[in-house]
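Now for the letters of each chain:
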Amino acid sequence: MKTEAPNASLRAQLDDYYQRSALFSRPGFLLRRLHQIHTGLFAQETEEHGVTPVQYSVLTILVSLGEMDQNTLALEIGLERTSVAEVLPRLEARGVVERRQSTRDRRVKLVRVTRKGRALVKRMEQAAQRAHDRTIAPIPPQERELFMLQLSRLVEAHNDTSMVPLRIR
(Lines give C-alpha, C1' and ligand atoms only; values in the text may rest on other atoms or scores of the structure.)
Protein backbone atom coordinates (compact mmCIF):
# COMPACT_ATOMS: atom_id res chain seq x y z
CA MET A 1 0.00 0.00 0.00
CA LYS A 2 1.31 3.40 -0.92
CA THR A 3 1.27 5.92 1.93
CA GLU A 4 0.51 9.56 1.30
CA ALA A 5 2.20 12.60 2.74
CA PRO A 6 -0.03 14.17 5.39
CA ASN A 7 -0.11 17.51 3.55
CA ALA A 8 -0.96 16.09 0.12
CA SER A 9 -4.23 17.45 -1.16
CA LEU A 10 -7.13 15.16 -1.83
CA ARG A 11 -7.04 16.07 -5.53
CA ALA A 12 -3.33 15.29 -5.76
CA GLN A 13 -3.87 11.91 -4.10
CA LEU A 14 -6.69 11.08 -6.52
CA ASP A 15 -4.64 12.23 -9.50
CA ASP A 16 -1.84 9.94 -8.39
CA TYR A 17 -4.23 6.97 -8.36
CA TYR A 18 -5.74 7.95 -11.72
CA GLN A 19 -2.27 8.14 -13.30
CA ARG A 20 -1.44 4.68 -11.99
CA SER A 21 -4.58 3.18 -13.55
CA ALA A 22 -7.69 4.53 -15.25
CA LEU A 23 -9.65 1.93 -13.26
CA PHE A 24 -9.08 3.96 -10.09
CA SER A 25 -11.46 6.58 -11.51
CA ARG A 26 -14.35 4.11 -11.73
CA PRO A 27 -16.46 3.69 -8.58
CA GLY A 28 -18.04 0.47 -9.86
CA PHE A 29 -14.66 -1.12 -10.46
CA LEU A 30 -13.42 -0.06 -7.04
CA LEU A 31 -16.53 -1.35 -5.28
CA ARG A 32 -16.32 -4.70 -7.07
CA ARG A 33 -12.63 -5.01 -6.30
CA LEU A 34 -13.16 -4.09 -2.65
CA HIS A 35 -15.90 -6.72 -2.45
CA GLN A 36 -13.46 -9.33 -3.80
CA ILE A 37 -10.86 -8.26 -1.27
CA HIS A 38 -13.32 -8.32 1.63
CA THR A 39 -14.60 -11.75 0.62
CA GLY A 40 -11.02 -13.04 0.74
CA LEU A 41 -10.39 -11.45 4.13
CA PHE A 42 -13.66 -12.87 5.44
CA ALA A 43 -12.69 -16.34 4.21
CA GLN A 44 -9.28 -16.07 5.89
CA GLU A 45 -10.73 -14.97 9.21
CA THR A 46 -13.67 -17.39 9.29
CA GLU A 47 -12.27 -20.43 7.45
CA GLU A 48 -12.65 -22.72 10.46
CA HIS A 49 -16.42 -22.10 10.39
CA GLY A 50 -16.96 -22.76 6.67
CA VAL A 51 -19.50 -19.97 6.26
CA THR A 52 -19.63 -17.50 3.36
CA PRO A 53 -20.40 -13.79 3.84
CA VAL A 54 -23.89 -14.33 2.38
CA GLN A 55 -24.55 -17.26 4.70
CA TYR A 56 -23.35 -15.17 7.63
CA SER A 57 -25.73 -12.39 6.61
CA VAL A 58 -28.62 -14.87 6.48
CA LEU A 59 -27.77 -16.23 9.91
CA THR A 60 -27.26 -12.84 11.56
CA ILE A 61 -30.56 -11.49 10.22
CA LEU A 62 -32.40 -14.59 11.44
CA VAL A 63 -30.75 -14.28 14.86
CA SER A 64 -31.63 -10.59 14.97
CA LEU A 65 -35.18 -10.64 13.59
CA GLY A 66 -36.39 -14.19 14.19
CA GLU A 67 -38.38 -16.51 11.96
CA MET A 68 -39.51 -15.13 8.62
CA ASP A 69 -40.53 -16.27 5.18
CA GLN A 70 -37.89 -16.71 2.50
CA ASN A 71 -39.08 -13.69 0.49
CA THR A 72 -38.80 -11.41 3.52
CA LEU A 73 -35.36 -12.84 4.26
CA ALA A 74 -34.29 -11.99 0.72
CA LEU A 75 -35.42 -8.38 1.22
CA GLU A 76 -33.70 -8.14 4.59
CA ILE A 77 -30.31 -8.95 3.06
CA GLY A 78 -30.83 -7.51 -0.43
CA LEU A 79 -30.42 -10.84 -2.18
CA GLU A 80 -32.45 -12.43 -4.97
CA ARG A 81 -35.03 -14.96 -3.80
CA THR A 82 -33.45 -17.65 -5.95
CA SER A 83 -30.07 -17.04 -4.31
CA VAL A 84 -31.64 -17.33 -0.87
CA ALA A 85 -33.34 -20.53 -2.01
CA GLU A 86 -29.90 -21.90 -2.98
CA VAL A 87 -28.19 -20.86 0.27
CA LEU A 88 -30.81 -22.19 2.67
CA PRO A 89 -30.50 -25.92 1.85
CA ARG A 90 -26.77 -25.77 2.63
CA LEU A 91 -27.44 -24.09 5.96
CA GLU A 92 -30.27 -26.51 6.67
CA ALA A 93 -28.01 -29.50 5.90
CA ARG A 94 -25.59 -28.18 8.53
CA GLY A 95 -28.40 -27.93 11.04
CA VAL A 96 -28.07 -24.19 11.55
CA VAL A 97 -31.46 -23.25 10.08
CA GLU A 98 -34.80 -24.99 9.84
CA ARG A 99 -37.48 -24.46 7.22
CA ARG A 100 -41.15 -25.30 7.43
CA GLN A 101 -44.30 -24.54 5.54
CA SER A 102 -46.49 -21.79 6.89
CA THR A 103 -49.74 -22.99 8.45
CA ARG A 104 -51.47 -19.92 7.00
CA ASP A 105 -50.24 -20.30 3.44
CA ARG A 106 -48.84 -23.65 2.28
CA ARG A 107 -46.90 -21.92 -0.53
CA VAL A 108 -44.82 -19.99 1.98
CA LYS A 109 -41.68 -21.43 3.55
CA LEU A 110 -40.68 -20.05 6.93
CA VAL A 111 -37.06 -20.04 8.04
CA ARG A 112 -35.62 -19.86 11.53
CA VAL A 113 -32.17 -20.19 12.99
CA THR A 114 -31.57 -23.20 15.25
CA ARG A 115 -29.78 -23.25 18.59
CA LYS A 116 -26.77 -24.64 16.71
CA GLY A 117 -27.02 -21.71 14.27
CA ARG A 118 -27.14 -19.18 17.10
CA ALA A 119 -24.06 -20.75 18.63
CA LEU A 120 -22.27 -20.61 15.27
CA VAL A 121 -23.03 -16.91 14.84
CA LYS A 122 -21.78 -16.26 18.37
CA ARG A 123 -18.54 -18.19 17.70
CA MET A 124 -18.03 -16.31 14.42
CA GLU A 125 -18.60 -12.78 15.73
CA GLN A 126 -14.98 -11.95 16.52
CA ALA A 127 -13.62 -13.51 13.31
CA ALA A 128 -16.19 -11.69 11.19
CA GLN A 129 -15.41 -8.42 12.97
CA ARG A 130 -11.69 -8.94 12.29
CA ALA A 131 -12.52 -9.28 8.57
CA HIS A 132 -14.56 -6.07 8.65
CA ASP A 133 -11.80 -4.27 10.54
CA ARG A 134 -9.10 -5.53 8.16
CA THR A 135 -11.15 -4.33 5.18
CA ILE A 136 -11.07 -0.71 6.33
CA ALA A 137 -7.78 -0.80 8.28
CA PRO A 138 -5.86 1.14 5.57
CA ILE A 139 -8.17 4.12 6.13
CA PRO A 140 -6.90 6.40 8.90
CA PRO A 141 -8.94 5.79 12.08
CA GLN A 142 -10.35 9.33 12.08
CA GLU A 143 -11.79 8.78 8.55
CA ARG A 144 -13.38 5.32 9.03
CA GLU A 145 -16.74 6.56 10.29
CA LEU A 146 -16.98 9.00 7.39
CA PHE A 147 -16.18 6.18 4.95
CA MET A 148 -18.91 3.99 6.47
CA LEU A 149 -21.36 6.90 6.38
CA GLN A 150 -20.59 7.54 2.71
CA LEU A 151 -21.06 3.85 1.83
CA SER A 152 -24.36 3.82 3.73
CA ARG A 153 -25.53 6.95 1.91
CA LEU A 154 -24.69 5.42 -1.46
CA VAL A 155 -26.49 2.19 -0.69
CA GLU A 156 -29.57 4.00 0.57
CA ALA A 157 -29.61 6.52 -2.29
CA HIS A 158 -29.43 3.82 -4.95
CA ASN A 159 -31.44 1.14 -3.16
CA ASP A 160 -34.63 1.69 -5.15
CA THR A 161 -32.78 1.32 -8.45
CA SER A 162 -31.50 -2.11 -7.47
CA MET A 163 -32.98 -5.27 -8.97
CA VAL A 164 -33.11 -6.54 -5.40
CA PRO A 165 -33.73 -3.70 -2.96
CA LEU A 166 -32.60 -4.01 0.62
CA ARG A 167 -35.24 -3.42 3.28
CA ILE A 168 -34.07 -0.26 5.00
CA ARG A 169 -35.89 0.74 8.14
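- If you look the chain up in an unreviewed UniProt entry, it shows as MarR family transcriptional regulator from Acidovorax bellezanensis.

Focus: the overall build of the chain
- Along the chain, the regular secondary structure elements total 7 helices and 3 strands.
- Along the chain, helices (α) and strands (β) appear in the sequence α-α-α-β-α-α-β-β-α-α when read from the amino end.
- Residue burial in the chain is summarised as follows: out of 169 residues, 27% are buried.
- Within the chain, contacts between residues at least 6 apart in sequence are counted, and of these 52% link residues at least 24 apart.
- Counting every atom, the chain has about 11700 Å² of accessible surface; 53% of that belongs to carbon and sulfur.
- Here the chain carries 27 positive and 20 negative side-chain charges, and the mean point of each set is 5 Å from the other.

Cut-off values and rules
Residues numbered from 1 in each chain as written. Predicted model: local features only at pLDDT ≥ 70, side-chain atom pairs only at ≥ 80, totals over all residues. Heavy atoms only, no water. Helix = DSSP H or I, 4+ residues; strand = E, 2+ residues; numbered from the N terminus. Buried < 20%, exposed > 50% of the residue type's maximum accessible area, 1.4 Å probe, protein only. Contact = heavy atoms within 4.5 Å. Areas by Shrake-Rupley, 256 points an atom, 1.4 Å probe, with all protein chains shown as cover. Lys, Arg positive; Asp, Glu negative; His and termini not counted. Charge placed at Lys NZ, Arg CZ, Asp CG, Glu CD.

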